[in-house]
Amino acid sequence: MATGLSEVDNMKTWPDLYLPTLDSNDFPTLKLKDSNSGDLKAIMGDSFKMYVCGITPYDATHLGHAATYLSFDLINRYKRLSGSKVSFVENITDIDDPLFERANRDKIDWQFLANAQIDLYKSDMTALRILPPTNFAKVTDSIDIIEKFIQKLSHNGQLYEISGDHYFSVEPFLEKLPLQVDAAISIFAERGGDPTRAGKKHPLDPVIWLANRNNEPGWQSNLGFGRPGWHVECTAIACEFLDDKNSDPIIDLQGGGSDLIFPHHFMSAQIVKAAYGRDFAKYFVHAAMIGLDGEKMSKSKGNLVFVSKLLEAKVDPMAIRWALLKGHYQEDRAWSNELLKTADLEINQIRRSLSQSEVSDSTELVSGLIFDISNNLDTPSALKRLLDWSRKSDNNGDVNQTGLVSRAIDSLLGLAL
Ligand code: ZN
């Protein structure tokens, strides 16, 4: 069923929301800009399988995360509203160097830290009205799945060992590299790769299984006692929940922040091809970065603004959602207090209209909002359209259609005003 409550595992994910239907409207085919081709692509299909890379739970949820998950939430909403059955999987990278480093620094148990941050993330997602994934998979709960996937790579002769660590040989797939090798090596090093390690067949080969180091958590596997590498965690989880064994590509869309395009999503695609002989995803879609004071918001810059802190300060979560929707999801943009203040004023303007018994004609507004979202999630146009309608309603409201507008902005934009 396209709308209503989806089948989610409520023990692991956050509470589902009712998605009001918009029965009477035509839904143009969703078009999204694909990061690999740079083209706007029609996202076809009555059954839609989406995998979005989740957080590493040492620090949840800054506004860059929120903007990313909000973008894929709009895709999920639009596909469901337009009649597709959506299967949406998101992982939690709860085995990762930054998590262990933070736990060591703060002298707390890494699982305690991860679980606390996962709980915080779920409450942030709930407050922001992000629809939950159908499967929300922790890596620590998925070791068997990952091991099974790694065995496929191993049987296909794609892995080699250096001192107990196992690497994937990416060289046969390098013609698909989206950038020059030198540039790729430099980004690979910045984002957790080890291009200079002695004994590697190619500097870009990613680690698939890491032998246990001192004091790190580990699991027993065919490749020894240790833990999986980052890229293979996502591919194994995605294929476990979304592969129907026939589709090629296996899933429709892989998504995440634009900092995942390389190496994470490139490596994911090559690893799946090597394991299954099929392509991983039909579309690769990425959300741009959120900046603060002229710089990208990131842990290394120490300039993170957390959703939970804003909520603690009694900021309206719908104002956060609105402020993020004011910019286009694929354009890097800045967060500021002014943006939040404007968002607050603007949602109050909309709330005023929605409390009037008579407003300006809303049928055209709703078709316009549907068109904007279908057009590569053009939320800046959608919010402008909504504000224009609201201001017009201030002067000459003559129809009783506030319910129609409330339902449309709730279902399409996730704004409960
Ligand atoms: Zn991932």
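Remember, predicted model here, so these are calculated numbers, not experimental data.

1. Considering empty space enclosed by the protein
It is the rolling of a water-molecule-sized probe over the atoms that shows where space remains empty. Tallied over the full model, the rule gives one cavity of 30 Å³ or more. Size it by volume and the largest cavity reaches roughly 60 Å³. As for the largest cavity, its lining consists of Ala 67, Leu 70, Ser 71, Leu 74, Leu 324, Leu 325, Gly 327, Tyr 329, Arg 333, Leu 377 and Thr 379. Elements with a contribution of two residues or more to the lining of the largest cavity: helix H1 (63–81) and helix H9 (317–325). Among the elements that make up the lining of the largest cavity, the one with the highest residue count is H1 (four residues). Residue composition of the lining of the largest cavity, by class: seven nonpolar, three polar and one charged. When residues are assigned to domains, the lining of the largest cavity turns out to be shared by domain 1 (28–287) and domain 2 (315–413), each giving three or more.

2. Re the coordination of the zinc ion
Around the zinc ion, the donor atoms from the protein are Cys 53 (SG), Cys 234 (SG) and His 264 (NE2), and they sit 2.0 to 2.1 Å away. For the zinc ion, all donor residues lie on one chain, and their spacing in sequence is C-x180-C-x29-H. Pair noted here: Cys 53 is in the loop between strand E3 (47–52) and H1 and Cys 234 is in helix H6 (residues 230–242), with a separation of 181 residues, a long-range link. Residue classification places Cys 53 among the buried positions, given a relative accessible area of 5%. Assessed through its relative accessible area of 1%, Cys 234 is described here as buried.

3. Observations regarding the domain arrangement of the protein
According to the domain assignment, the protein consists of domain 1 (28–287) and domain 2 (315–413). For the domain 1 and domain 2 pair, buried surface summed over both sides reaches about 2000 Å², with 67% attributable to carbon and sulfur atoms. For the pair domain 1 and domain 2, the interface holds two salt bridges. Residue Asp 73 is joined to Arg 321 by a salt bridge in which the shortest nitrogen-to-oxygen separation is 2.8 Å. Joining domain 1 to domain 2, the criterion identifies ten residue pairs in polar contact (both at pLDDT 80 or more). Those elements giving two or more residues to the side of domain 1 that touches domain 2 turn out to be strand E1 (31–33), H1 and strand E12 (281–287). It is H1 that contributes the most residues to the side of domain 1 that touches domain 2, eleven residues altogether.

4. A word on the side chain of Asn 303
With respect to the helices, strands and loops of the structure, Asn 303 is situated in the loop between strand E14 (295–296) and helix H8 (307–312). Residue contacts for Asn 303: discarding those within four places in its chain leaves Leu 292, Glu 295, Lys 296, Met 297 and Ser 298.

5. Some thoughts on the nonpolar core
Counting residues in hydrophobic clusters, the biggest one holds 78 residues, and the most contacted among them are Ile 75, Ile 320 and Trp 335. With ten residues, H1 is the largest single contributor of residues to this core. Once residues within four sequence positions are removed from consideration, Ile 320 is found in contact with Leu 63, Leu 128, Val 307, Leu 310, Leu 311, Val 315, Trp 335 and Leu 340. Among the nonpolar cores identified, the runner-up in size contains 52 residues, and Phe 173, Leu 242, Ile 250 and Ile 271 belong to it.

6. What to know about a negative patch on the surface
A cluster of like negative charges, contributed by Glu 358, Asp 361, Glu 364 and Asp 398, occupies part of the molecular surface. Its location among the elements puts Glu 358 in the loop between helix H10 (337–354) and helix H11 (363–374). A residue is classified by how much of its surface remains accessible, and Glu 358, at 40% relative accessible area, is partly exposed.

7. Details of helix H2 (residues 97–106)
Residue pairs three or four apart in sequence face the same way in an α-helix, which turns once every 3.6 residues. Of the residues making up H2, those classed as buried are Leu 99, Phe 100, Arg 102 and Ala 103. Along the axis of H2, the buried residues cluster in a sector spanning 165°; they form a single face. In H2, those exposed residues whose orientation departs by more than 90 degrees from the buried face are Glu 101, Asn 104 and Arg 105. Buried residues along H2 sit against helix H3 (110–127) and strand E10 (224–228).

Calculation criteria
Residues numbered from 1 in each chain as written. Predicted model: local features only at pLDDT ≥ 70, side-chain atom pairs only at ≥ 80, totals over all residues. Heavy atoms only, no water. 1 Å grid on protein atoms, 1.4 Å probe; cavity = no way out; pocket = protein on both sides within 12 Å on 5 of 7 lines; lining within 4 Å. Points joined across faces, edges and corners; volume = space filled by probe spheres on them. Helix = DSSP H or I, 4+ residues; strand = E, 2+ residues; numbered from the N terminus. Nonpolar A, V, L, I, M, F, W, Y, C, P; charged D, E, K, R; others polar. Domains from an automatic or database assignment. Donors = N, O, S within 2.8 Å, 3.2 Å for Na, K, Ca; no water. Buried < 20%, exposed > 50% of the residue type's maximum accessible area, 1.4 Å probe, protein only. Buried area = accessible area lost by both parts, 1.4 Å probe. Salt bridge = Lys/Arg side-chain N within 4 Å of Asp/Glu carboxyl O. Polar contact = N/O pair within 3.5 Å; in protein donor to acceptor, adjacent residues only side chain to side chain. Contact = heavy atoms within 4.5 Å. Core = buried A, V, L, I, M, F, W, Y, C linked by side-chain atoms within 4.5 Å. Patch = residues over 30% accessible without salt bridge, like charges linked within 9 Å, V, L, I, M, F, W, Y side chains within 5 Å. Areas by Shrake-Rupley, 256 points an atom, 1.4 Å probe, with all protein chains shown as cover. Lys, Arg positive; Asp, Glu negative; His and termini not counted. Charge placed at Lys NZ, Arg CZ, Asp CG, Glu CD. Arc of directions from axis to C-beta.

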